Amino acid sequence: METKTVVQAFGALAQETRLGIYRLLVAAGPEGLAAGAIAGQLELPPALLSFHLKELNQASLVRSRQEGRFVI
């Protein structure tokens, strides 16, 4: 892994909410969690969750997929 990638990942995880999201997703395993389930467990409004998921995605720590009307 390149240094730039590692620094970007650590930077994303240095924020408490993003670290909480990441920990939930790691615990969920490869099947992941629906965005609504993450928001519910962490009591986050959808817009704030979206912002944090975007940051984690840009750091290549998470990815999403569409399953019907759910984003996993």
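Residues numbered from 1 in each chain as written. Predicted model: local features only at pLDDT ≥ 70, side-chain atom pairs only at ≥ 80, totals over all residues. Heavy atoms only, no water.

Draft legend 1. Structural detail: the overall build of the protein chain. A count of helices and strands for the protein chain gives 4 helices and 2 strands. Shown N-terminal to C-terminal, the secondary structure of the protein chain runs as helices and strands in the order α-α-α-α-β-β. The C-alpha atoms of the protein chain give a radius of gyration of 12 Å, which matches the 11 Å a tight globule of 72 residues would have. The buried share among the 72 residues of the protein chain stands at 25%. (Helix = DSSP H or I, 4+ residues; strand = E, 2+ residues; numbered from the N terminus. Rg over C-alpha atoms; globule rule 2.2 N^0.38 Å. Buried < 20%, exposed > 50% of the residue type's maximum accessible area, 1.4 Å probe, protein only.)

Draft legend 2. Geometry of unusual backbone geometry. Positive phi, close to 55°, is recorded for Glu43, a residue that is not glycine. Residue placement: Glu43 occurs in the loop between α3 (35-42) and α4 (46-58). With relative accessibility at 72%, the residue Glu43 sits in the exposed group. Positive phi outside glycine occurs at Ser60, with the angle close to 60°.

Draft legend 3. Region of interest: α4. Across its 13 residues, α4 extends 18 Å between first and last C-alpha, which sits within 8% of the 18 Å expected from 1.5 Å per residue. On its buried face, α4 sits against α1 (3-13), α2 (16-28) and α3. Looking at the residues trailing α4, positive phi occurs at Ser60, about 60°. (Expected span 1.5 Å × (residues − 1). Contact = heavy atoms within 4.5 Å.)

Draft legend 4. Spatial organisation of the packing of α2 against α3. Relative orientation of the contacting elements α2 and α3 amounts to 120°, with a least axis distance of 11 Å. With respect to each other, α2 and α3 are oriented oblique. Here α2 and α3 pass one another in a crossing that is right-handed. Across the interface between the two elements, Gly20, Ile21, Leu24 and Leu25 of α2 pack against Ile38, Gln41 and Leu42 of α3. Among the residues making up the contact of α2 with α3, the classes are represented as 5 nonpolar, 2 polar and no charged. (Axes fitted to C-alpha atoms, helices over the stretch in contact; angles between N-to-C directions. Parallel < 35°, antiparallel > 145°, perpendicular 65-115°, else oblique. Left-handed = near helix turned anticlockwise from the far one by under 90°. Nonpolar A, V, L, I, M, F, W, Y, C, P; charged D, E, K, R; others polar.)

Draft legend 5. Structural view of α2. An ideal rise of 1.5 Å per residue puts 18 Å on 13 residues; α2 measures up with 19 Å between its terminal C-alpha atoms. Listed as buried for α2 are Arg18, Ile21, Leu24, Leu25 and Ala28. An end-on view of α2 places all buried positions within 125° of arc, on one side of the element. Looking at α2, the residues exposed on the side facing more than 90 degrees away from the buried face are Glu16, Arg23, Val26 and Ala27. The opening residue of α2 is Gln15, an N-cap whose side-chain oxygen sits 2.7 Å from the backbone nitrogen of Thr17. Phi turns positive, to about 80°, at Gly29, one or two residues after α2. (Arc of directions from axis to C-beta. Polar contact = N/O pair within 3.5 Å; in protein donor to acceptor, adjacent residues only side chain to side chain.)

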